[in-house]
Amino acid sequence: MKKINWDYLQNLALILVVITLPMPKYSLNSQALIVLIAVWLFSRGFSNKIANLKQKRFQFFSVSIWFLMFIIGLTYSDSLDIGFKNIVKNLPLLAIPLVIFSQEISLKKLEYILKWFSIAVICCAIFALIKASYFTYMGFGNYFYNQNLALLLNIHTTYYALFCVIVILTNMYLIVLDKSKRLHWVCVLFLLFFLYLLSSRMSIFALGIGTLPILYNKYGKKALTSIPIISLLIFGFLFTPNFQKRENGQEDFGINTPTLSTRILHWQAVIDAVEETNIYFGVGSGTDKKHVYTAYNEFNFVEGVKHKYNAHNQFLEYYIYFGLMAIIVWFFCFWVWIKKIFNDYYAYQFSVFIVLICFMLTESILERQNGIVIFALLLSLILNWNFKKNEAYK
C-alpha cells in the first residue's frame, strides 16, 4: 500500500485556504480551514510539531493570543451566547498559527503560497469586472465603483482592497528581484486599476508606505528620494473622480459611505463608551455593544446606530472587549513582531507588517472571517519563515 504523503496534503490544504479566501461568502474558506485542521490532526510527526511550536512559542503566541483573550473575556461577559459565537469566529487565530508554526516554511513554499493567493485575487477581480460590465450594459446602474462593485465581489471593499495591496507588494518585490518582470507589471497595473474602482483610501496610503521597505532593500538610501514621488501618486489617486465621489458620503444606489468625519465620531464614541463601563478589562467577549451604540446616539451618529457600526479601528475594537488589558497585549505582539522583522530585515516582512497596521488604524479587520484569516495567515507565514543568508529573497 502506498504511503500517504501528509506534507503534500497539508500544503494542498493550505493552498485551498488561500485560494478560497477572496471568493464570495465564507463557506468555501471555512470548509478549506476544516480540511487544513483535519489533515494536520491526522498527519504524523507530532513530536516534531511540538518541538517547532516550542522553538517559535513567542511568535505563535503573538498571533494566537487574541483567541485566548476571547476565552478569558467570556468569564466576565453579559452574554455567553455572543461570547461563544466570537470564540468560534476567531478560531482561525488559533488554528492557522498552530498549523504553520508547527512546520518549517521554506522560501519555495512561501513563494508558492503567495503565487496561488495572487492568482485567486486576480481571477476573482476579473470575474467581478465581467459581471459589472454585464450589469452596466443591461442598464442596472454603475457597478464599477466601491460598494456597488463589492456587491459583485460579495466581499467588503476593505478586505478585498487589503488582498489587492498584498498581491501588488508581492509582485513589486518580484519585479525588484528581476523575476518575470513583464507578467508582474501586468498584475500590478491591473490591481492598481481595480483599487481605483474599489476606492479604498487606506489601501492607497498603505500601498505607498508599504512600498518603501522594498525600494530601500534594493536601492538603499537612494530609495528615500522616491518619497516625494510616492506622496504625489497617493494624493493623485485621492483626487481622482471615484475617490472624490466617496467624500460626498453617498453612492449611486443611495448607500451612505463613511467619510473622515464619521470615522472621528466612531472613535470618540467608542472611547466614551468604554470609559463609562470598565476601562481596565472592557466588557468581555460576549458584549452586544449596546453601550457603544448608545454613545453613537449621544454623538448624533445616526448611521452608526442604524447599521450598528463597529469601531472602524482594530485597536479600539479590542479596547471595547478588553479595555486597557488589550493595550498591554498589543505591546507584547508588537515587541515580538518588530524584533523578528528587524532581526531578519526581510523587506517583504516589513511591508506586510506596515500594511496590516495601516488597515487596522481605520478598519476593524478582525471582525470578519476574511480579515481574521488574512491576518493570521500572513503574520504566521512571515514570522515563521526562517530566513537564510544564502537565499536570494532578501
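Preceding this paragraph is the structure being described.
Numbering of residues starts from 1 in every chain and runs along the sequence as written. Under the rules for a predicted model, residues below a pLDDT of 70 receive no local features and side-chain atom pairs below 80 are neither given nor counted, while totals for whole chains, interfaces and linings still include all residues. With hydrogens and water stripped out, all remaining heavy atoms of the structure feed into the side-chain values.

Caption draft 1: Fine view of helix H9 (residues 157-176). Helix and strand definitions here come from DSSP, where helices need a minimum of 4 consecutive H or I residues and strands a minimum of 2 consecutive E residues; each element is numbered from the N-terminal end. What a helix should span is 1.5 Å times the count of its residues minus one. Relative to the 28 Å expected for 20 residues at 1.5 Å per residue, H9 spans 28 Å between its end C-alpha atoms, a close match to the ideal helical length. The buried label applies to any residue whose accessible area, calculated with a 1.4 Å probe on protein chains only, is under 20% of its type's maximum; exposed applies above 50%, and partly exposed to all values in between. Burial runs high along H9: 20 of the 20 residues are buried. Looking one or two residues past H9, Asp-178 carries a phi angle of roughly 65 degrees, positive in sign.

Caption draft 2: Inspection of the packing of helix H11 (residues 201-219) against helix H12 (residues 227-238) at higher detail. Relative orientation of the contacting elements H11 and H12 amounts to 165 degrees, with a least axis distance of 10 Å. On the basis of their axis angle, the class for H11 and H12 is roughly antiparallel. Where H11 crosses over H12, the handedness of that crossing is right-handed. Taking contact as the criterion, the partners of Arg-201, Ile-204, Phe-205, Gly-208, Leu-212 and Leu-215 in H11 are, on H12, Ile-227, Ile-230, Ile-234, Phe-237 and Leu-238. For this scheme, ten residues count as nonpolar: Ala, Val, Leu, Ile, Met, Phe, Trp, Tyr, Cys and Pro. Four count as charged, namely Asp, Glu, Lys and Arg, and the remainder, Gly too, count as polar. Tallied by class, the residues present in the contact of H11 with H12 amount to 9 nonpolar, 1 polar and 1 charged. Where helices are involved, their axes are fitted lines through C-alpha atoms of the stretch in contact, as for all axes, and angles between N-to-C directions lie from 0 to 180°. Orientation labels follow simple angle bins: below 35 degrees gives roughly parallel, above 145 gives roughly antiparallel, 65 to 115 gives roughly perpendicular, and whatever is left gives oblique. Note on convention: near helix rotated counterclockwise from far helix by under a right angle means a left-handed crossing. Clockwise means right-handed. Throughout, a contact is declared for two residues whenever any of their heavy atoms are within 4.5 Å.

Caption draft 3: The layout of surface pockets, seen in detail. Space inside the second largest pocket adds up to approximately 630 Å³. For the lining of the second largest pocket, the elements supplying multiple residues, two or more each, are H9, helix H10 (181-198), H11 and H12. Of the residues belonging to the lining of the second largest pocket, the class tally is 18 nonpolar, 4 polar and 4 charged. Using protein atoms alone on a 1 Å grid, points that fit a 1.4 Å probe yet trap it form a cavity, whereas open point sets bounded by protein on both sides within 12 Å along at least five of seven lines form a pocket; residues with an atom within 4 Å of a point count as lining. Grid points are joined across faces, edges and corners, and a volume is the space filled by probe spheres set on the points.

Caption draft 4: Inspection of empty space enclosed by the protein at higher detail. Counted according to the given criterion, the structure contains 1 cavity of 30 Å³ or more. In terms of lining, the largest cavity is formed by Val-18, Ile-113, Leu-114, Phe-117, Ile-374, Leu-377, Leu-378 and Leu-381. For the lining of the largest cavity, the secondary structure elements donating two or more residues are helix H7 (107-137) and helix H20 (369-384). Examining the composition of the lining of the largest cavity, we find that 4 residues originate from one element, H20, more than from any other. Here the residues of the lining of the largest cavity sort into 8 nonpolar, no polar and no charged.

Caption draft 5: How the structure looks around the packing of aromatic side chains. Pairing of aromatic side chains requires ring centres within 6.5 Å, counting the rings of Phe and Tyr and the six-membered ring of Trp. Pairs whose planes differ by under 30 degrees are stacked, by over 60 edge-to-face, and all others tilted. What the rule picks out here adds up to 34 aromatic pairs. Between the aromatic rings of Phe-135 and Phe-140, the centroid separation amounts to 5.8 Å while the plane-to-plane angle is 50 degrees, which identifies the pairing as tilted. Here, over-ring charges are defined by two tests on the NZ atom of lysine or the CZ atom of arginine: distance to the ring centre within 6 Å, and angle to the ring normal within 35 degrees. For Lys-49, the ring lying beneath its charged end belongs to Trp-40, and the centroid distance is 4.7 Å.

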